[in-house]
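Residues per chain, in single letters:
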Amino acid sequence: MDGDCAWREAVVYQIYPRSFNDSDSDGIGDLRGIVERVDYLAALGVDVVWLTPVYDSPQVDNGYDIRDYRSIHDAYGTMADWTALRDALHERDIHLVMDLAVNHTSDEHEWFCRSRRGDEAYRDYYVWEPGEPDEPPNNWESLFGGSAWTYDETRAAWYLHLFDERMPDLNWRTPAVRDDVSELMNWWLERGIDGFRLDVINLLSKPAGLPDGDPAASITGAGHFVDGPRIHEYVRELRDRVFAADDVMTVGETFDVTPAEARRYVVEDGLDMVFPFEHMDIDAGGSGPWDIADWELADLKAVTERWQTAVGDGWIGLYLSNHDQPRLVSRFGDEAYRTESATMLATYLFTLRGTPFVYQGQELGMTNPRFESIDEYRDPATVLRVERAVQTGDIDAFAEIRDAVNYWSRDNARTPMQWSDAEHTGFTDGTPWIKVNANYPEVNVERESASEDSVLSYYRRLIDVRAAHPVLVHGRYEPIAPDDPNVFAYRRLADDADEQVLVALNFTDGRRDLLEIDGERQRSSRTETGGASMAAFGALEREDAELLLRNYGPTASDEPGSVALRPYEARIYRLATE
Ligand code: NOJ
């Protein structure tokens, strides 16, 4: 794409290769399997594919534990298969963004093997601390639960791992680490990729002295290692040595980032965009990783408004699901209104300021499966946490927390893509590595492609509407009726006031009339003196608004100009400008 801000206009599709499509019947998705499906991606209308890690890896964390940055994991295929995928995407004008984890490597990476042996050149490649085997250097917690430190007998020292113990953290203070990372990133650019999704990029910098963290924090130590002291210097160094050279798309995964920091990563450090995390917490309770809080629309409105305004001239990746999160319909929508709520949430995603990311299966309205026993889970973060809860006596058995684990587990997103009603969803002829969602006979690509009323067809229309109305990408965000507990409505306004769009989303399973929401304020808006944004609803009534998209087809009961929203109805209007 040309121009500094061109990535802003893109729609990104995330592929989790392990679960996308299996070409060789071993039950694990692979690169050739993706090649078989590139026409599907082209028909959907996406501009970029983000491929989660396909590098050589022992697969402790499904590829985020990288053993060799320059080769491909056996089960996914070969470098020739990867090249075929790159070419197949490029032939269809789809860009390829590789996922890169450089906060840590696998403990089987050559750097770690040499560092652990004390090899002079690699001694300081990881965060090692001397000490007694029974006393970790500080109280930091791993994001997968438990201590972030493991004692290594070979080196007779502790090493830091913010994730699994088989994923040691690189030491970014060591210049040779930064040299090696820049080099390997440039190596991939030379092979024709279009950018990077940078895994937990804001965790790279750990403060000198490794001070204890606040034990009351949700993750002890996060206050020290999230956006650590030298982080902006490291990202700028990567920009100068890697991204500046080309029109490379960079999206930073920025754990627990604030809007002010997000702006810095983009405006000052040169990333194209970062992922916020705050909206992924509105349903998180305060007591432990499985706690579920009742969330209200007011919470989502508040977080949305903050991230739509406080990032200023920065830029964010918009998402409601990915390979680490539960399925959005089960979480923020309503399985009883699967199609309606999936399309309503999609409308929300595609009409905000930012670049929308669609996670595989989201465009079908896939939902969380139901896992009955702990043996059905494959995600190490889920399994480790449950095992630890049993060991520490917090619970006696998995059954006690089954519902909460079913709600939160990352495996919710990792069941195979649902291609058809054939056995195993058409994903594989073998035995899938993880169970399939039982609803695949109803929710699948084949069936949804054949219906204009499906979630999939709606995504295609939504992608077209966004492309045709740049105000949906770049326009200013202005909430309407912010206190209404049921309807989420906002305008997007072009700077030159040339175009404005109104979005109205019913987040409930009841009917909501736009002209009756928000009591007093709405009544006053219907007079000539009403506020500009509230008057937008009046414009709908006067019918000087063009309906661009709606997730319900018109029916006989629709009155002309009716603005009564049905359950989970979503509408996008283009408003007349003076
Ligand atoms: C974030 C990735 O999205 C997640 O899947 C992974 O477990 C951690 N980073 C560690 O790489």
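This text gives an overview of the structure that appears in the document.

Conventions we followed
- Residues numbered from 1 in each chain as written.
- Predicted model: local features only at pLDDT ≥ 70, side-chain atom pairs only at ≥ 80, totals over all residues.
- Heavy atoms only, no water.
- Near = heavy atom within 4 Å.
- Polar contact = N/O pair within 3.5 Å; in protein donor to acceptor, adjacent residues only side chain to side chain.
- Areas by Shrake-Rupley, 256 points an atom, 1.4 Å probe, with all protein chains shown as cover.
- Nonpolar A, V, L, I, M, F, W, Y, C, P; charged D, E, K, R; others polar.
- Pairing = 2+ DSSP bridges.
- Helix = DSSP H or I, 4+ residues; strand = E, 2+ residues; numbered from the N terminus.
- Axes fitted to C-alpha atoms, helices over the stretch in contact; angles between N-to-C directions.
- Contact = heavy atoms within 4.5 Å.
- Buried < 20%, exposed > 50% of the residue type's maximum accessible area, 1.4 Å probe, protein only.
- Core = buried A, V, L, I, M, F, W, Y, C linked by side-chain atoms within 4.5 Å.
- Parallel < 35°, antiparallel > 145°, perpendicular 65-115°, else oblique.
- Left-handed = near helix turned anticlockwise from the far one by under 90°.
- Expected span 1.5 Å × (residues − 1).
- Arc of directions from axis to C-beta.

### Looking at the site of the ligand
So, step 1. Around the ligand there are 14 residues in total, and Asp-61, Asp-199, His-323, Asp-324 and Arg-410 lie nearest to it.
So, step 2. His-104 places a side-chain nitrogen or oxygen 3.0 Å from an oxygen atom of the ligand.
So, step 3. Take Asp-199: an N or O atom from its side chain is 2.7 Å from an oxygen atom of the ligand.
So, step 4. Contact with the protein chains covers 98% of the free accessible surface of the ligand, which is 290 Å².
So, step 5. The residue makeup of the shell around the ligand, split by class, is 5 nonpolar, 2 polar and 7 charged.

### Comments concerning the sheet that holds strand β20 (residues 570-575)
So, step 1. Strand order across the open sheet formed by 5 strands is β14-β15-β16-β20-β18, with antiparallel pairing between neighbours. Sheet topology places β14 (476-480) and β18 (545-550) at the edges, where each strand pairs with a single neighbour. This sheet shows a mean twist of 25° between the axes of neighbouring strands, independent of strand direction.
So, step 2. Here 5 bridges tie β18 to β20, and the two strands are oriented antiparallel to one another. Bridge pairing links Arg-550 to Arg-571 in β20.
So, step 3. On the sheet, helix α9 (residues 297-309) packs against β14 and β15 (487-493) and is oriented at approximately 15° with respect to β15.
So, step 4. Across the sheet, helix α15 (residues 455-468) touches β18 and β20, and the angle it forms with β18 is around 140°.

### Examining the side chain of Thr-415
So, step 1. By the secondary structure assignment, Thr-415 is in the loop between α13 (402-408) and α14 (445-449).
So, step 2. Note on Thr-415: relative accessible area 0%, which makes it buried.
So, step 3. Not counting residues up to four positions away in its chain, the partners in contact with Thr-415 are Ser-19, Met-366, Pro-369, Phe-371, Ile-434, Lys-435 and Asn-437.

### Quick word on the pairing of strand β9 (residues 195-198)
So, step 1. Because side chains alternate across β9, one face comprises the buried residues Gly-195 and Arg-197, and the other comprises Phe-196 and Leu-198, equally buried.
So, step 2. For strand β5 (residues 95-100) and β9, the ladder comprises 4 bridges, and the chain directions are parallel. By the bridge assignment, Leu-100 is partnered in β9 with Leu-198.
So, step 3. In this structure, β9 lies alongside strand β10 (residues 249-253), joined through 4 bridges in parallel fashion. Bridged to Arg-197 within β10 is Val-251.

### With respect to the nonpolar core
So, step 1. In terms of nonpolar packing, the biggest core is built from 168 residues, with Tyr-13, Leu-41, Leu-51, Trp-82, Met-185 and Phe-196 touching the most fellow members.
So, step 2. In this view, Phe-196 contacts Val-97, Met-98, Leu-100, Met-185, Trp-188, Leu-189, Val-242, Val-248, Met-249, Thr-250 and Val-251; residues no more than four positions away in its chain are not counted.
So, step 3. Counting 17 residues, the second-largest nonpolar core is a separate cluster that includes Val-487, Leu-515, Ile-517 and Leu-575.

### Considering the sheet that holds β5
So, step 1. Ordered by their spatial adjacency, 8 strands build an open sheet running β11-β10-β9-β5-β2-β1-β13-β12, and the pairing between neighbours is parallel. In this open sheet, the two edge strands, each paired with only one partner strand, are β11 (273-275) and β12 (317-318).
So, step 2. Against the sheet, helix α5 (residues 175-190) contacts β5 and β9, and its axis sits at roughly 140° relative to β9.

### Points about the packing of helix α7 (residues 231-243) against helix α8 (residues 259-268)
A pair of packed helices can be characterised by two numbers: the angle between their axes and the separation between those axes.
So, step 1. It is the contact of α7 with α8, at a shortest axis distance of 10 Å, that shows an interaxial angle of 25°. As judged from the angle between their axes, α7 and α8 are roughly parallel. Handedness of the α7/α8 crossing: right-handed. Across the interface between the two elements, Ile-231, His-232, Val-235, Arg-236 and Arg-239 of α7 pack against Glu-261, Arg-264, Tyr-265 and Glu-268 of α8.
So, step 2. Its residues assigned to classes, the contact of α7 with α8 comprises 3 nonpolar, 1 polar and 5 charged.

### Details of the environment of Leu-349
So, step 1. Considering the arrangement of structural elements, one finds Leu-349 in helix α11 (residues 338-350).
So, step 2. In the structure, Leu-349 is positioned 32 residues away from Gly-317 in sequence and 10.0 Å away in space, judged by C-alpha atoms.
So, step 3. Aside from chain neighbours lying at most four places away, what touches Leu-349 is Leu-318, Tyr-319, Leu-320, Pro-356, Phe-357 and Gln-362.

### Considerations on helix α3 (residues 79-91)
So, step 1. For α3, which comprises 13 residues, the first-to-last C-alpha distance of 18 Å matches the rise-based estimate of 18 Å (1.5 Å per residue) to within 8%.
So, step 2. Within the sequence span of α3, burial applies to Asp-81, Trp-82, Leu-85, Arg-86, Ala-88 and Leu-89. Viewed end-on, α3 has its buried residues packed into an arc of 165°, placing them on one side of the element.
So, step 3. Among the structural elements, α1 (31-35), α2 (38-44), β2 (48-51), β4 (68-72), β5 and α5 are those in contact with the buried residues of α3.
So, step 4. Of the residues that open α3, the one with a side-chain oxygen 3.2 Å from the backbone nitrogen of Ala-80 is Thr-78.

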